[in-house]
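The chain contents come next:
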Amino acid sequence: MAEVKLVNVSKIYDNNVIAVNDVTFTVEDKEFVVLVGPSGCGKTTTLRMIAGLEEISKGELYIDNVFMNNVPAKDRDIAMVFQNYALYPHMTVFENMAFGLKIRKLPKDEIKRRVEEAAKILGIEKLLDRKPKQLSGGQRQRVAVGRAIVRKPKVFLFDEPLSNLDAKFRVQMRTEISKLHHRLEATMIYVTHDQTEAMTMGDRIVVMKDGIVQQIDTPLNLYNFPVNKFVAGFIGSPAMNFIEGKIIQENGLKFVSEKGELIFSISNNIENLRNYINKKIIAGIRPEEFQPAENQNAKENVNVFVEVVEPMGNESFIYFLIDEIQFVARVSSIVQVRPEQNFQFSFDPSRVHFFDFETEKRIN
């Protein structure tokens, strides 16, 4: 397997549209890295430049320490799994998986051995004689992954491979691809718009927006230490709650929302926040931080009017307004809450994230 290194890579189209802007990161040997972001953020374009399917406008790409900018896709020793599976409809599963090996003129017994080995890993041994139209979406995706495995490439690339599957099969295939990564000890780069996929699969995650890398880190660090408001809001489900307000000096530091419906004392990050006294600032609170108030008379409880309750099985999402902004809390399903009732929440102020109003960067 191999290291993949991008140095100041950009993609600029003929009409001067910048799809990818100055991207730099390294995928270590045997690492599983996920590129994540909303539609149009440049993640697939970045993947396609690594694959050789898009020309690099600026910057440098190295695979296994070899400069790759001008190397044709077929000579990069990578295998790509596409969103739409890209299977040949007139070929059997065996023929689809064997096709790339036949092109490379491998011996027939070697082709047979590799295909059967990959089919066994993926649990599709009994499907080798079927055509793609006889397969479910999950089975087709396994065939597409199998076709990549048999090539034994230096790098595996996945372009939103699970987006066409239903929820149950997405979870199942997520697990299968993660197990495959550990089994093959492969270098894998995986593109998705689904932050749950990114959090559960990646050793590290590259978060992109508007063609620019926002943050590269482990899933837990992205969740706990987002560098800006975008990353904080994108990573986590349901998304982080944001509210504007200011820092005031009153028996210590306090945050006061614009309409005064959320007020709490600040117990951490005090020195940095002193620079924001009487300045506009953004507070971010994750849904799970809101929990039913144990002490109904505590001064910093948040009194809300519940609008909607979404039961999710072992937990419930509770929607309410603060300063006319919709918030969501994530609580255990044993909490008895009904729509159109008053309710009290509490939260730990030390778990609140603060962001500069102008730059939207996290105040560390």
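Structure shown above.
Residues numbered from 1 in each chain as written. Predicted model: local features only at pLDDT ≥ 70, side-chain atom pairs only at ≥ 80, totals over all residues. Heavy atoms only, no water.

Caption draft 1: Geometry of the overall build of the chain. Each helix and strand counted, the chain has 9 helices and 20 strands in total. A principal-axis box enclosing the C-alpha atoms of the chain has dimensions of 80 × 45 × 35 Å. Burial status across the chain gives 48% buried among its 364 residues. One way to put it: in the chain the 47 positive side-chain charges average out to a point 7 Å from where the 48 negative ones average out. (Helix = DSSP H or I, 4+ residues; strand = E, 2+ residues; numbered from the N terminus. Buried < 20%, exposed > 50% of the residue type's maximum accessible area, 1.4 Å probe, protein only. Lys, Arg positive; Asp, Glu negative; His and termini not counted. Charge placed at Lys NZ, Arg CZ, Asp CG, Glu CD.)

Caption draft 2: Region of the structure containing the nonpolar core. In terms of nonpolar packing, the biggest core is built from 48 residues, with M97, F158, I177, Y190 and V207 touching the most fellow members. In contact with F158, not counting residues within four places along its chain, are L47, V81, V145, I177, M188, I189, Y190 and V191. (Core = buried A, V, L, I, M, F, W, Y, C linked by side-chain atoms within 4.5 Å. Contact = heavy atoms within 4.5 Å.)

Caption draft 3: Focus on helix α5 (residues 167–184). The end-to-end C-alpha distance of α5 is 26 Å, a good match for the 26 Å that 18 residues give at a rise of 1.5 Å each. Those residues of α5 that sit buried are M173, R174, I177, S178, L180 and H181. Buried residues along α5 cover an arc of 155° about the axis, so they all sit on one side. Away from its buried face by more than 90 degrees, α5 exposes K168, H182 and R183. The elements touched by buried residues of α5 are β3 (32–36), α3 (108–122), α4 (137–150), β7 (155–159), β8 (187–192) and α6 (195–201). (Expected span 1.5 Å × (residues − 1). Arc of directions from axis to C-beta.)

Caption draft 4: Structural view of helix α2 (residues 93–103). All of the buried residues along α2 are V93, N96, M97, A98 and L101. Looking at the buried residues of α2, the elements they touch are α3 and α4. Trailing α2 by a residue or two, K105 shows a phi angle of about 60°, which is positive.

Caption draft 5: Just the packing of α2 against α4, in detail. For the pair α2 and α4, interaxial distance at closest approach is 8 Å and the crossing angle is 30°. Between α2 and α4, the crossing angle belongs to the class labelled roughly parallel. As for the relative orientation of α2 and α4, their crossing is right-handed in sense. Taken together, the residues of α4 that come into contact with α2 (itself represented by V93, N96, M97 and L101) are V143, G146, R147 and V150. Counted by class, the contact of α2 with α4 contains 5 nonpolar, 2 polar and 1 charged residues. (Axes fitted to C-alpha atoms, helices over the stretch in contact; angles between N-to-C directions. Parallel < 35°, antiparallel > 145°, perpendicular 65-115°, else oblique. Left-handed = near helix turned anticlockwise from the far one by under 90°. Nonpolar A, V, L, I, M, F, W, Y, C, P; charged D, E, K, R; others polar.)

Caption draft 6: Spatial organisation of the pattern of salt bridges. A full pass over the atoms with the stated rule returns 19 salt bridges. One salt bridge in this structure joins R48 and E54, with 3.7 Å as the shortest N-O distance. Among the ionic pairs, K280 bridges to E244, the shortest N-O distance being 3.4 Å. Taken as a pair, K280 in strand β14 (residues 280–285) and E244 in strand β11 (residues 241–249) lie far apart in primary sequence, 36 residues in all. Note on E244: relative accessible area 28%, which makes it partly exposed. What you see here is one network of salt bridges that share partners, running through E110, R113, R114 and E117. (Salt bridge = Lys/Arg side-chain N within 4 Å of Asp/Glu carboxyl O.)

Caption draft 7: View of the environment of M173. Within the secondary structure layout, M173 lies in helix α5. On the basis of relative accessible area, M173 is assigned to the buried category, the value being 2%. Sequence spacing of M173 and S163 is 10 residues, and the spatial spacing of their C-alpha atoms is 11 Å. When sequence neighbours within four positions are dropped, the list of residues in contact with M173 reads G138, Q141, R142, L162 and L165.

Caption draft 8: Layout of the sheet that holds strand β15 (residues 291–292). Read across the open sheet, the 5 strands follow the order β15-β19-β16-β17-β18; overall the sheet is antiparallel. Both edges of this open sheet fall to β15 and β18 (325–332), since each of them pairs with a single strand only. By the bridge criterion, 2 bridges tie β15 to strand β19 (residues 342–346) in an arrangement that is antiparallel. Within the sheet, the bridge partner assigned to Q291 lies in β19 and is S346. (Pairing = 2+ DSSP bridges.)

Caption draft 9: Structural context of unusual backbone geometry. Here the amide bond leading from S237 into P238 is cis, since omega sits at -5°, within 30 degrees of zero. Structurally, P238 is set in the loop between α8 (229–234) and β11. You will see that D22, though not glycine, has its phi angle at about 60°, which is positive. Here D22 lies in strand β2 (residues 18–27). The backbone of N65 sits at a positive phi, close to 65°, despite the residue not being glycine. Looking at the element boundaries, N65 is found in the loop between β4 (58–63) and β5 (66–67).

Caption draft 10: Local environment of the pairing of strand β17 (residues 315–322). Where burial is concerned, most of β17 is hidden: 7 out of the 8 residues are buried. The pairing of strand β16 (residues 302–311) with β17 spans 5 bridges and is antiparallel. Bridge pairing in β17 links E310 to F317. The loop that links β17 with its antiparallel partner β18 comprises 2 residues; one of these, D323, has a positive phi angle of about 55°.

Caption draft 11: Structural context of the packing of α2 against α3. Two elements in contact, α2 and α3, have axes separated by 10 Å at closest approach and are oriented at 135°. When the axes of α2 and α3 are compared, the pair comes out oblique. Helix-helix and strand crossings are classified by hand; for α2 and α3 the assignment is right-handed. Residues F94, M97, A98, L101 and K102 of α2 touch α3, and the partners they reach there are I111, K112, R114, V115, A118 and A119. When grouped by side-chain class, the residues that make up the contact of α2 with α3 number 8 nonpolar, no polar and 3 charged.

Bear in mind that shape data such as this cannot, by itself, settle questions of function.
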